[in-house]
Amino acid sequence: MAEAGSFAEKVKQQADIVRVVGEYVRLKKSGQNFTGLCPFHAEKSPSFAVHPTKQIYHCFGCGVGGDVFKFVMEMEKCAFPEAIRIVAEKCGIALPRQKERSPEERKENQQRAVLVEMHREAQTFLVKQLEGTPEGKAARAYLEDRGLDKDAISQFGIGYAPSGGDALLRHLKSKYNEKLLVESGLVSRDQSAGRLFDRFRRRITFPIANESGKIVAFGARALGDDMPKYLNSPETPIYSKSNVLYHMDRAKDALRRQDFAILVEGYMDAIAVARAGISNVVASCGTSLAEPQIKLLGRFTRRVVVNYDPDTAGQTATERSLSLLLEQDFEVRVLALPPIGNKKADPDLFIRERGKDEYLKLLKEAPPYVDYLIARARQMDLTTGEGKLRAVNFLLPYVQRIPNRILRSEWATRIAQQLRLDEPVLRAALSKAASERRGEVKTQPELVGRAAKPVERRLIRMLAEAEGFRLELAKHLQNAHLYNGLETEKIFAALVIASLSGQPVLATEVGAALEDRDRRLLFEILFEEANEPTWEEAMSCIQALQNRQAERELADVQRSIEANPAAPELRGLLEKKQELMRRLAAAR
């Protein structure tokens, strides 16, 4: 609140709220007031009003309102003192002289100002190198091959660092001393000879701006086979890689409007997504996402779609980013793009090959992070208890990082359903691991379950011994895929293959084709006492497996419904749900 007689009160009295708001919202005169579409919620009919006499704003749709400072604080996600400064600058009101700083502070501020100016000059130089030199022509050809026309190159300020090794140095050294040149990160010093040379050589350059749009660093891609493929500016007095997100200066308004961010890895990915008309994209500049970057993002939105590269490094980066985002209580989805032919597709390649409409479709369908991680866990071998334990321990660190208890409970339910674990036992194991501050669940027989359920054990015995109907039983099991995903899947598969061959089933030969654990389980089952098998009993066991399969399908369908798919897909899912429920009801 602006106190009487304060500078804030002076700014508020002199500021024109219509002018300030008009820089963010398209306003139209409507009687005594001005109206427009509210910037704080999505709407098609204007319900946002600015009162020029009372110098206030109010939205009759979502109920927000306040004075010019409150508006700027909400739009810029800044504190009250910063809002005063912004409003004063927009309205041409001179800021009061700050209290005298120490000589060290003045020197540091002057140095930062000079480094920002140096980067501005370097950007102008690098752009000219791309536009007007023979080397630059080859770089332009590469960029055009990557789908960037002249307008895109200009829009994103892409430049070129020549191969000579001292072109930028020669351009800057007449104006700046050696110490500043090295501290800028634009120039390096040879440790043995002591000579200076350009940090970026024969590389396409991407200017990295801070949140306010000032260029503070560069990312550079090698034009040839030089390594590393991408080279960034080092840490400097004006650049800390953990505090900057590429494209944030351009994405701020879109992040507010859309209320979610698309997080990609590299410059070309961010440019490709932005050029597709999706402005709310930022990149972590090819480095691991850091907590300060997440806090910067959190000033504009708490919702993120992570769309990193699909290779192993990208999956690792995705999982690390998820951990950090969950700790900060973000709502996260993950977009894993399908391959293009035999190539793994990053956002840049996918949009160039499949187009922005297909990308937008997949973006809207991106699953919640929990489904992505469980899908990754399900790629492990879940046919054994040890495999299930590995999957649980892969997921456990993410569960522990979720601050919301309700979400943690939802996780436990989904993990139990997807990995086919006893939910109460899983919850107890997770709770014990959390209380003991362990990063993994200790082996518990009751968690991973018995090696085989009674129905499975009985069917295995029948496949091995029921001479009268073994072939028919094997056909039933194979055609309906009833043993897929069971812990005993490999035993069933071996017995079914042996039964369908028409030859006598010899336990020793079947066992020889199995891993040691499965072989021991097979022989354990064959040594159990059992009644003479009948076809009626076999059909009863098959019905039990069919019911279990239907229950799993029903759980999958319900999760898909909860993901709010498009109307045509939703209708199909609801029909499938009704069919499965009818099937289960009829079996009871």
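Please refer to the structure placed before this passage.
The sections below set out a description of the structure shown in this document. (Residues numbered from 1 in each chain as written. Predicted model: local features only at pLDDT ≥ 70, side-chain atom pairs only at ≥ 80, totals over all residues. Heavy atoms only, no water.)

## As for the pairing of strand β10 (residues 215-222)
It is a general feature of regular strands that their side chains alternate between the two faces of the sheet.
Piece 1. In terms of burial, β10 is a largely internal element, eight of the eight residues being buried.
Piece 2. Judged from the seven bridges that link them, strand β9 (residues 203-209) and β10 form a sheet pairing that is antiparallel. Residue pairing in the sheet places Ala209 in a bridge with Ile215 of β10.
Piece 3. The turn linking β9 back onto β10 is made up of five residues, and Gly213 within it adopts a positive phi angle of 95 degrees.
Piece 4. Judged from the three bridges that link them, β10 and strand β11 (residues 230-232) form a sheet pairing that is antiparallel. Within the sheet, the bridge partner assigned to Arg221 lies in β11 and is Tyr230. (Buried < 20%, exposed > 50% of the residue type's maximum accessible area, 1.4 Å probe, protein only. Helix = DSSP H or I, 4+ residues; strand = E, 2+ residues; numbered from the N terminus. Pairing = 2+ DSSP bridges.)

## Some details on empty space enclosed by the protein
Piece 1. Considering all chains together, one arrives at one cavity of 30 Å³ or more under this definition.
Piece 2. Approximately 50 Å³ is the volume found for the largest cavity.
Piece 3. Around the largest cavity, the lining residues are Phe260, Arg303, Val304, Val305, Glu331, Val332 and Arg333.
Piece 4. Secondary-structure elements contributing two or more residues to the lining of the largest cavity are β14 (303-306) and β15 (331-334).
Piece 5. Looking at the lining of the largest cavity, its residues break down into four nonpolar, no polar and three charged. (1 Å grid on protein atoms, 1.4 Å probe; cavity = no way out; pocket = protein on both sides within 12 Å on 5 of 7 lines; lining within 4 Å. Points joined across faces, edges and corners; volume = space filled by probe spheres on them. Nonpolar A, V, L, I, M, F, W, Y, C, P; charged D, E, K, R; others polar.)

## Describing unusual backbone geometry
Piece 1. A cis amide bond, omega 0 degrees, links Met227 with the succeeding residue Pro228.
Piece 2. Structurally, the position occupied by Pro228 is in the loop between β10 and β11.
Piece 3. At Lys77, a position not held by glycine, the phi torsion is positive, near 55 degrees.
Piece 4. Summarising the element assignment, Lys77 is placed in the loop between α3 (68-76) and α4 (80-90).
Piece 5. The phi dihedral of Arg202 is positive, around 50 degrees, even though this residue is not glycine.

## Here's the deal with the side chain of Asp348
Piece 1. Within the secondary structure, Asp348 is located in helix α14 (residues 347-354).
Piece 2. Using a relative accessible area of 3% as the deciding quantity, one classes Asp348 as buried.
Piece 3. A polar atom in the side chain of Asp348 sits 2.5 Å from the side chain of Arg146.
Piece 4. The contact partners of Asp348, leaving out residues within four places of it in the chain, are Arg146, Met268, Asp269 and Ala272. (Polar contact = N/O pair within 3.5 Å; in protein donor to acceptor, adjacent residues only side chain to side chain. Contact = heavy atoms within 4.5 Å.)

## Some details on the packing of helix α21 (residues 454-465) against helix α25 (residues 516-526)
Piece 1. Packing of α21 against α25 leaves a shortest axis separation of 9 Å and a crossing angle of 85 degrees. One element, α21, and the other, α25, form an angle in the roughly perpendicular class. Only Leu521, Leu522, Glu524, Ile525 and Leu526 of α25 make contact with α21, whose side of the interface consists of Arg457, Ile460, Arg461, Ala464 and Glu465. (Axes fitted to C-alpha atoms, helices over the stretch in contact; angles between N-to-C directions. Parallel < 35°, antiparallel > 145°, perpendicular 65-115°, else oblique.)

## Thoughts on helix α22 (residues 470-479)
Piece 1. Taken together, the buried positions of α22 are occupied by Arg470, Leu473, Ala474 and Leu477. Each buried residue of α22 sits inside an arc of 100 degrees when the element is viewed along its axis, so together they form one side.
Piece 2. Following α22 by one or two positions, His481 has its phi on the positive side, about 55 degrees. (Arc of directions from axis to C-beta.)

## A closer look at the pairing of strand β12 (residues 261-264)
Piece 1. Neither face of β12 is exposed, since Ala261 and Leu263 on one face and Ile262 and Val264 on the opposite face are all buried.
Piece 2. Judged from the three bridges that link them, β12 and β14 form a sheet pairing that is parallel. Bridged to Ala261 within β14 is Val304.
Piece 3. Pairing geometry for β12 and strand β13 (residues 281-283), over three bridges, is parallel. Paired with Ile262 across the bridge in β13 is Val281.
Piece 4. One crossover worth recording links β12 to the parallel β13 by way of helix α11 (residues 267-275), and it is right-handed. (Right-handed = clockwise from strand over helix to strand, strands pointing away.)

## Some points on the pattern of salt bridges
Piece 1. On inspection of all chains with the given rule, the structure shows 26 salt bridges.
Piece 2. In this structure, the salt-bridge partner of Glu121 is Lys175, at a minimum N-O distance of 2.6 Å. Here Glu121 is found in helix α5 (residues 103-132), whereas its partner Lys175 is found in the loop between α8 (167-172) and α9 (178-183), with 54 residues between them in sequence.
Piece 3. With its nearest N and O atoms 2.9 Å apart, the salt bridge here joins Arg548 to Glu456. On the criterion of sequence distance, the pair formed by Arg548 in helix α26 (residues 535-562) and Glu456 in helix α21 is long-range, its members being 92 residues apart.
Piece 4. Look at Glu456 and you get buried, because its relative accessible area is 4%.
Piece 5. A single network of salt bridges, built from pairs that share partners, joins Glu82, Arg85 and Glu89. (Salt bridge = Lys/Arg side-chain N within 4 Å of Asp/Glu carboxyl O.)

## Some points on the packing of aromatic side chains
Piece 1. A full pass over the atoms with the stated rule returns 14 aromatic pairs.
Piece 2. Seen in terms of ring centroids, Phe469 and Trp535 are 5.4 Å apart; in terms of plane orientation they differ by 70 degrees. Their pairing is edge-to-face. Note that Phe469 is positioned in the loop between α21 and α22 and Trp535 in helix α26, a separation of 66 residues in sequence.
Piece 3. Among the aromatic residues, ring-to-ring pairing joins Tyr24, Phe40, Phe48, Tyr57 and Phe71 into one connected group. (Phe/Tyr/Trp six-rings, centres within 6.5 Å; stacked < 30°, edge-to-face > 60°.)

## What to know about the environment of Pro207
Piece 1. As for its placement among the helices and strands, Pro207 is situated in strand β9.
Piece 2. Its relative accessible area of 11% is what places Pro207 among the buried residues.
Piece 3. Considered as a pair, Pro207 and Ala220 are 13 residues apart in the sequence and their alpha carbons are 8.7 Å apart.
Piece 4. With sequence-adjacent residues up to four places away left out, Pro207 is seen in contact with Gln123, Phe156, Gly157, Ile158, Ile215, Ala217, Phe218 and Tyr246.

## Concerning the sheet that holds β14
Piece 1. One open sheet holds the four strands; their spatial order is β13-β12-β14-β15, and the pairing between them is parallel. In the strand order of this sheet, the two ends are held by β13 and β15, each with one partner. Put simply, the sheet's adjacent strands are angled 30 degrees from each other on average, direction ignored.

## Quick notes on the nonpolar core
Piece 1. One finds Ile158, Ile204, Tyr246, Ile262 and Tyr359 to be the most contacted residues of the largest nonpolar core, which totals 68 residues.
Piece 2. Here the element with the most residues in this core is α11; it accounts for seven residues.
Piece 3. If sequence neighbours within four positions are ignored, Tyr246 has contacts with Phe156, Phe206, Pro207, Ile208, Tyr267, Ala270, Ile271, Val281, Val282, Ala283 and Cys285.
Piece 4. Counting residues in hydrophobic clusters, the runner-up holds 45 residues, among them Leu245, Val306, Leu322 and Leu373. (Core = buried A, V, L, I, M, F, W, Y, C linked by side-chain atoms within 4.5 Å.)

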